[in-house]
Amino acid sequence: MTLTAPDASARRDDQRGLTEAEVAEAQAAFDAIIEADQRIEPRDWMPDAYRKTLIRQISQHAHSEIIGMQPEGNWISRAPSLKRKAILMAKVQDEAGHGLYLYSAAQTLGISRDEMTEQLIESRARYSSIFNYPTPTWADMGAIGWLVDGAAICNQVPLCRASYGPYGRAMVRICKEESFHQRQGFEILLELSNGTEAQHRMAQEAVNRWYWPSLMMFGPPDDESPNSAQSMAWKIKRFTNDELRQRFVGMLVPQVEVLGLTLPDPNLRWNEQRGEWDMSEIDWTEFNEVLAGRGPANAQRIQHRRDAHESGAWVREAAAAYAQKQAARERRAA
Ligand SMILES: [Fe+2]
Ligand SMILES: [Fe+2]
């Protein structure tokens with residue numbers, strides 16, 4: 001017995017049953033909605049490629065939120081004070097919520113939660129590579145909040161205007177919570193940076209560890225990102241990978257000064273002529289290794305998720321049995 005939310009497979013079949021003339025008409029209506037910057041809703045006709053792109057993007061995003069709980073979950077039991085523990089627990093819990101909003105948004109496109117979970121635990125789906133790095137010190141909690149949640153905000157604020165309604169609306173709430181996450185990370189680093197010499201060093205080392213992987217979160221450079229143009233034409237994406245990366249670096253530079261720390265790139269400087277940040281070449285071989293599943297913690301992350309899924313089977317079965325009982329009772333009453 002599995003729990004599945006209502007899916008849109010019926011709508012998908014309807015869509016296949018259309019005549020050529022009807023498809024052309026539906027495509028024109030779709031194009032007009034995109035052109036007018038309005039929203040596509042689950043009930044609307046949409047091109048198959050648009051649906052597939054969204055399913056892939058939203059489910060990957062959901063998986064990232066769920067797997068992203070692990071590197072920080074590692075520190076809940078070892079947080080340095082009760083206050084820090086409470087904050088970190090709230091943050092990790094928010095990430096679970098983000099995963100759930102996003103799975104729900106993806107379900108409106110005709111994929112079930114079970115399918116998505118299976119794809120993840122069988123390593124057929126991707127999630128953000130950043131969560132395959134280990135978190136050896138408490139300062140990593142600061143660096144993750146400041147850099148990883150910070151990069152997530154840069155990526156996600158424009159997604160609040162994504163053309164697919166359920167995705168855009170989920171992002172509004174997620175972004176509000178992400179800004180709290182970023183501030184809590186900044187505050188952890190600020191306190192460590194102004195602490196003892198060893199604490200300051202710990203903060204700097206964590207920033208050094210997470211800086212490059214956080215820049216990689218924006219994806220490959222524009223000239224190697226073939227799907228970007230189509231996503232921008234569909235108004236799912238609003239800015240290119242490199243534009244967002246530039247914006248992120250511009251946000252970090254004044255903040256790292258307040259922190260009294262440095263970014264680990266000797267070539268980072270503002271280029272007046274080009275109106276953008278010059279920076280060192282990103283090591284994409286590392287990115288590709290991690291993406292291919294050979295990062296420091298890939299196997300461990302998936303194994304952990306699989307174990308959690310298996311040990312939660314009885315909860316899903318009990319919930320499904322209860323729902324069935326309730327439905328039968330309602331039928332009898334009717
Ligand atoms: Fe999140
Ligand atoms: Fe977050």
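The structure reproduced in this document is the subject of the present report.

### What about the coordination of the iron ion (ligand 1)?
And then number 1: Protein-derived coordination of the iron ion (ligand 1) comes from E65 (OE), E95 (OE), H98 (ND1) and E178 (OE), at a distance range of 2.0 to 2.2 Å.
And then number 2: Angles of 86 to 145 degrees at the metal separate the four donor atoms of the iron ion (ligand 1), which places the site in the irregular class.
And then number 3: Positions of the donor residues of the iron ion (ligand 1) along the chain correspond to the pattern E-x29-E-x2-H-x79-E.
And then number 4: Between the two metals, the iron ion (ligand 1) and the iron ion (ligand 2), the spacing is 3.4 Å, and E95 donates to both. Pair noted here: E65 is in helix α3 (residues 48–67) and E178 is in helix α8 (residues 165–193), with a separation of 113 residues, a long-range link. In terms of burial, E65 and E178 fall into one category: buried.

### Comments concerning the packing of aromatic side chains
Aromatic ring pairs: the centre-centre distance and the angle between the two ring planes describe each pair.
And then number 1: Throughout the structure, instances matching the rule amount to nine aromatic pairs.
And then number 2: Ring centres of F30 and Y50 lie 5.0 Å apart, and the angle between their planes is 75 degrees; this geometry places the pair in the edge-to-face category. In this pair, F30 sits in helix α2 (residues 20–35) while Y50 sits in helix α3, placing the two residues 20 residues apart along the sequence.
And then number 3: Taking 6.2 Å as the distance between ring centres and 65 degrees as the angle between the ring planes, the aromatic pair formed by W75 and W138 counts as edge-to-face. A residue pair is termed long-range when its members are at least 10 positions apart, and W75 in the loop between α4 (69–73) and α5 (82–107) and W138 in the loop between α6 (113–121) and α7 (139–156) qualify at 63 residues.
And then number 4: Members of the aromatic cluster, joined through ring pairs, are F30, W45, Y50 and W234.
And then number 5: One Lys or Arg, R78, reaches over the ring of W75 and ends 4.1 Å from the middle of that ring.
And then number 6: Over the ring of F239 we find R247, and its NZ or CZ is 4.3 Å from the ring centre.

### What to know about the coordination of the iron ion (ligand 2)
And then number 1: At this site the iron ion (ligand 2) is bound by E95 (OE), D149 (OD), E178 (OE) and H181 (ND1), with donor distances of 1.9 to 2.2 Å.
And then number 2: Seen from the iron ion (ligand 2), its four donor atoms lie at angles of 88 to 161 degrees, and the figure they make is irregular.
And then number 3: Mapping the donors of the iron ion (ligand 2) onto the primary sequence yields the spacing E-x53-D-x28-E-x2-H.
And then number 4: Since its relative accessible area comes to 5%, E95 is described here as buried.

### Here we look at the side chain of E95
And then number 1: Turning to its location among the elements, E95 is positioned in helix α5.
And then number 2: Here E95 is in contact with E65, M69, D149, E178 and H181, once residues within four sequence places are set aside.

### Concerning the packing of helix α13 (residues 298–311) against helix α14 (residues 313–333)
And then number 1: Closest axis-to-axis distance for the α13/α14 pair is 4 Å, and the angle between their directions is 40 degrees. It follows that α13 is oblique to α14 by the angle criterion. Two secondary-structure elements touch here, α13 through H309, E310 and S311 and α14 through A313, W314 and R316.
And then number 2: Taken together, the residues of the contact of α13 with α14 sort by class into two nonpolar, two polar and two charged.

### A few points about the nonpolar core
And then number 1: Of all hydrophobic cores here, the largest spans 80 residues; its most connected members are Y50, I58, W146, Y164, Y167, Y211 and L263.
And then number 2: Setting aside chain neighbours within four positions, we find I58 in contact with L102, A105, A106, L109, Y164 and Y167.

So, how was this worked out
- Residues numbered from 1 in each chain as written.
- Chains lettered and ligands numbered in written order.
- Predicted model: local features only at pLDDT ≥ 70, side-chain atom pairs only at ≥ 80, totals over all residues.
- Heavy atoms only, no water.
- Donors = N, O, S within 2.8 Å, 3.2 Å for Na, K, Ca; no water.
- Tetrahedral: all angles 85-135°; square planar, octahedral: opposite > 155°, others 65-115°.
- Helix = DSSP H or I, 4+ residues; strand = E, 2+ residues; numbered from the N terminus.
- Buried < 20%, exposed > 50% of the residue type's maximum accessible area, 1.4 Å probe, protein only.
- Phe/Tyr/Trp six-rings, centres within 6.5 Å; stacked < 30°, edge-to-face > 60°.
- Lys NZ or Arg CZ within 6 Å of the ring centre and 35° of its normal.
- Contact = heavy atoms within 4.5 Å.
- Axes fitted to C-alpha atoms, helices over the stretch in contact; angles between N-to-C directions.
- Parallel < 35°, antiparallel > 145°, perpendicular 65-115°, else oblique.
- Nonpolar A, V, L, I, M, F, W, Y, C, P; charged D, E, K, R; others polar.
- Core = buried A, V, L, I, M, F, W, Y, C linked by side-chain atoms within 4.5 Å.

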